[in-house]
Amino acid sequence: MRHATYDVVIVGAGIVGAACADEFARRGMRVAVVDREMVGGGATAAGMGHIVTMDDSEAQFALTRYSQQLWQKLRPELPADVEYDQCGTIWVAADEEEMVEVRRKRDFYGQREVPTEVLDSQTLMRLEPSLRAGLAGGLLVMEDAVLYPPCAARLLMERAQKQGATLRLGHSVVEAGQGRVRMADGFEISAKVVVNAAGACAGTLTPGVEIKKRKGHLIITDRYARFLRHQLVELGYLKSAHSVSSDSVAFNVQPRRTGQILIGSSRQYGAEHAEVDSKILARMLQRAREYMPGVEQMSVVRTWTGFRAATPDKLPLIGPWPGDDSLFLATGHEGLGITTSLSTARILVDQITGAKPEIPIEPYLPSRAAQEHAHV
Ligand SMILES: Cc1cc2nc3c(=O)[nH]c(=O)nc-3n(C[C@H](O)[C@H](O)[C@H](O)COP(=O)(O)OP(=O)(O)OC[C@H]3O[C@@H](n4cnc5c(N)ncnc54)[C@H](O)[C@@H]3O)c2cc1C
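What you see is a predicted model; the values in this text were computed from it and never measured. (Residues numbered from 1 in each chain as written. Predicted model: local features only at pLDDT ≥ 70, side-chain atom pairs only at ≥ 80, totals over all residues. Heavy atoms only, no water.)

Caption draft 1: Spotlight on the overall build of the protein chain. The helix and strand tally for the protein chain stands at 11 helices and 18 strands. Once the C-alpha set of the protein chain is aligned to its principal axes, its extents read approximately 65 × 45 × 40 Å. Across the 376 residues that make up the protein chain, the buried fraction comes to 59%. For the protein chain, the proportion of contacts with a sequence separation of at least 24, taken over those separated by at least 6, is 75%. (Helix = DSSP H or I, 4+ residues; strand = E, 2+ residues; numbered from the N terminus. Buried < 20%, exposed > 50% of the residue type's maximum accessible area, 1.4 Å probe, protein only. Contact = heavy atoms within 4.5 Å.)

Caption draft 2: Spotlight on the nonpolar core. Counting residues in hydrophobic clusters, the biggest one holds 52 residues, and the most contacted among them are Ile 10, Phe 24, Val 31, Trp 71, Val 195 and Tyr 364. Looking at this core, the elements with two or more residues in it are strand 1 (3-11), helix 1 (15-26), strand 2 (31-35), helix 3 (58-74), helix 6 (149-162), strand 11 (188-196), strand 18 (327-331) and helix 10 (337-353). Discounting chain neighbours no more than four positions away, the residues touching Ile 10 are Gly 17, Cys 20, Ala 21, Phe 24, Val 31, Ala 32, Val 33, Val 34, Val 195 and Ala 197. (Core = buried A, V, L, I, M, F, W, Y, C linked by side-chain atoms within 4.5 Å.)

Caption draft 3: Examining the sheet that holds strand 12 (residues 212-223) more closely. Strand order in the open sheet made by the eight strands is 5-6-4-13-14-15-12-16, with mixed pairing throughout. The outermost strands of the open sheet, each flanked by one partner alone, are strand 5 (116-120) and strand 16 (300-310). For this sheet, the mean inter-axis angle between neighbouring strands, taken without regard to orientation, is 20°. Judged from the two bridges that link them, strand 13 (residues 231-234) and strand 14 (residues 248-255) form a sheet pairing that is antiparallel. The partner of Val 233 across the bridge, within strand 14, is Asn 252. On the sheet, helix 4 (residues 96-111) packs against strand 4 (89-93), strand 5 and strand 6 (137-141) and is oriented at approximately 20° with respect to strand 6. (Pairing = 2+ DSSP bridges. Axes fitted to C-alpha atoms, helices over the stretch in contact; angles between N-to-C directions.)

Caption draft 4: Up close: the pattern of salt bridges. Tallied over the full model, the rule gives 25 salt bridges. Two residues, Arg 104 and Glu 101, come together in a salt bridge whose shortest N-O distance is 2.9 Å. Of this pair, Arg 104 and Glu 101 both sit in helix 4, separated by three residues, roughly a single helical turn. Judged by its relative accessible area of 37%, Arg 104 falls in the partly exposed class. For the salt bridge of Glu 175 with Arg 182, the shortest nitrogen-to-oxygen distance reads 2.7 Å. On the basis of relative accessible area, Glu 175 is assigned to the partly exposed category, the value being 33%. By sharing partners, the salt bridges in this structure join Glu 23, Arg 26, Arg 27, Arg 346 and Asp 350 into a single network. (Salt bridge = Lys/Arg side-chain N within 4 Å of Asp/Glu carboxyl O.)

Caption draft 5: Representation of the site of the ligand. Not every one of the 35 residues close to the ligand is listed here, only the nearest: Asp 35, Ala 43, Thr 44, Val 173 and Thr 339. Here an oxygen atom of the ligand sits 3.0 Å away from a polar atom, N or O, in the main chain of His 50. Between the ligand and the protein, one listed contact pairs a nitrogen atom with a backbone N or O atom of Gly 335 at 3.0 Å. Considering each element in turn, the shell around the ligand owes the most residues, four residues, to helix 2 (residues 42-46). Taken together, the residues that form the shell around the ligand break down as 14 nonpolar, 17 polar and four charged. Residue assignment places the shell around the ligand across two domains, with domain 1 (3-47 + 149-210 + 314-375) and domain 2 (86-142 + 212-308) each supplying three or more. (Near = heavy atom within 4 Å. Polar contact = N/O pair within 3.5 Å; in protein donor to acceptor, adjacent residues only side chain to side chain. Nonpolar A, V, L, I, M, F, W, Y, C, P; charged D, E, K, R; others polar. Domains from an automatic or database assignment.)

Caption draft 6: Up close: the state of the cysteines. Per the counting criterion, the structure on display carries zero disulfides. A disulfide-free cysteine, Cys 87 has its sulfur positioned 17 Å from the sulfur of Cys 151, the nearest such atom. Using a relative accessible area of 12% as the deciding quantity, one classes Cys 87 as buried. Given the relative accessible area of 12%, Cys 151 is considered buried. (Disulfide = S-S within 2.5 Å.)

Caption draft 7: Quick look at the domain arrangement of the protein chain. Split into domains, the protein chain comes out as domain 1 (3-47 + 149-210 + 314-375) and domain 2 (86-142 + 212-308). Once you take the C-alpha centre of each, domain 1 and domain 2 turn out to be 30 Å apart. Every contact between the two is made by nine residues of domain 1 and, on the other side, 12 residues of domain 2. Both sides of the domain 1 and domain 2 interface together cover about 790 Å² of buried area, and 58% of this is carbon and sulfur. When the buried area of domain 1 at its contact with domain 2 is split by residue, Ala 46, Ala 200 and Glu 334 rank highest and sum to 57% of it. On the surface where domain 1 and domain 2 come into contact, there are two salt bridges. Counting across the interface, domain 1 meets domain 2 through three residue pairs in polar contact (both at pLDDT 80 or more). Classifying every residue of the side of domain 1 that touches domain 2 by side-chain character gives four nonpolar, two polar and three charged. (Buried area = accessible area lost by both parts, 1.4 Å probe.)

Structure follows, in structure tokens:
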């Protein structure tokens, strides 16, 4: 058979496509998911798995916080290999200037009922003794968590499949829209709803979607039990995440259940190839050593890269694509797609089924990108 019909066809079996499949299936729709590779490959396999509430904008806060709460609800169902651990984030302040930012963040979160604690220098050292002496303090955000993204994506896809979803791996999609998805081998799926969840490649399937690839490197070390207890991020991270032109690195480390340390992170535009760049790795390790001198002695087990899907206004694209009644986007999550996969799926399926979303959806609607495109 060269043709099949479903209610929904999703392109992409990364964590966003998997979360959408689970949500559509849960609401009784017949779903097919197509990926040219595997479940939880793409950026999902490359990501750090930090489930983090962010405060760059109200829209970013709403989507990350809502999703974090959905992860908390899902927690009892997460198998051990998802390695969900509510270890908390400490935003590390190097000096008094950064402590001003700590207090600003504390106020922002406090006004929105996110529990935090301002740490002075001694308390920071007590909580994370491997940090260098002389840091000013930090902000502990207790409800932030970490998980292992490929297994989280697999779990979501398995849940969808148990509810009847069909998965077609090893099929490259060449056209998506106008009520159908066509694959390179000629196979077609028709559906009232077509979801482009192709991550950093979403723009190739939907012309006019402005997604830039933003390359990132990660490093994982051998096992060093009790070296690190929280996700630690330097406050300078925000400056590097906001930089839109230059390559940047920032101190961002994560404790894994295994005792391994995941060391991040870098951001590069215009780097199209997936090779590991040893100069970027050297800068990341240097930055990590500046905060945690013990990193110097660690053995590195593996390094890799991945591509974040970045939009011009740093918010994801979730909802209908203007000009095609069948086509919906769920992409553009940059460095937050593991965190926001669950909220993305909820608000997308709410829009399609006519349910009332729990957060305002307007900031994420793709119509804003289409308008910008039309003006250009
Ligand atoms: C270094 C790094 C660190 C990160 N750290 C974090 C973090 O700590 N926390 C966080 O929340 N997020 C983090 N992220 C971001 C996160 O990984 C991504 O936002 C998320 O994985 C995006 O998921 P996705 O499903 O949209 O895309 P992907 O995982 O990229 O999935 C897209 C899928 O679409 C498929 N596909 C594409 N085109 C086609 C086609 N034509 N036909 C068929 N299939 C197709 C691909 O094969 C792929 O499987 C990080 C990212 C990187 C790179």
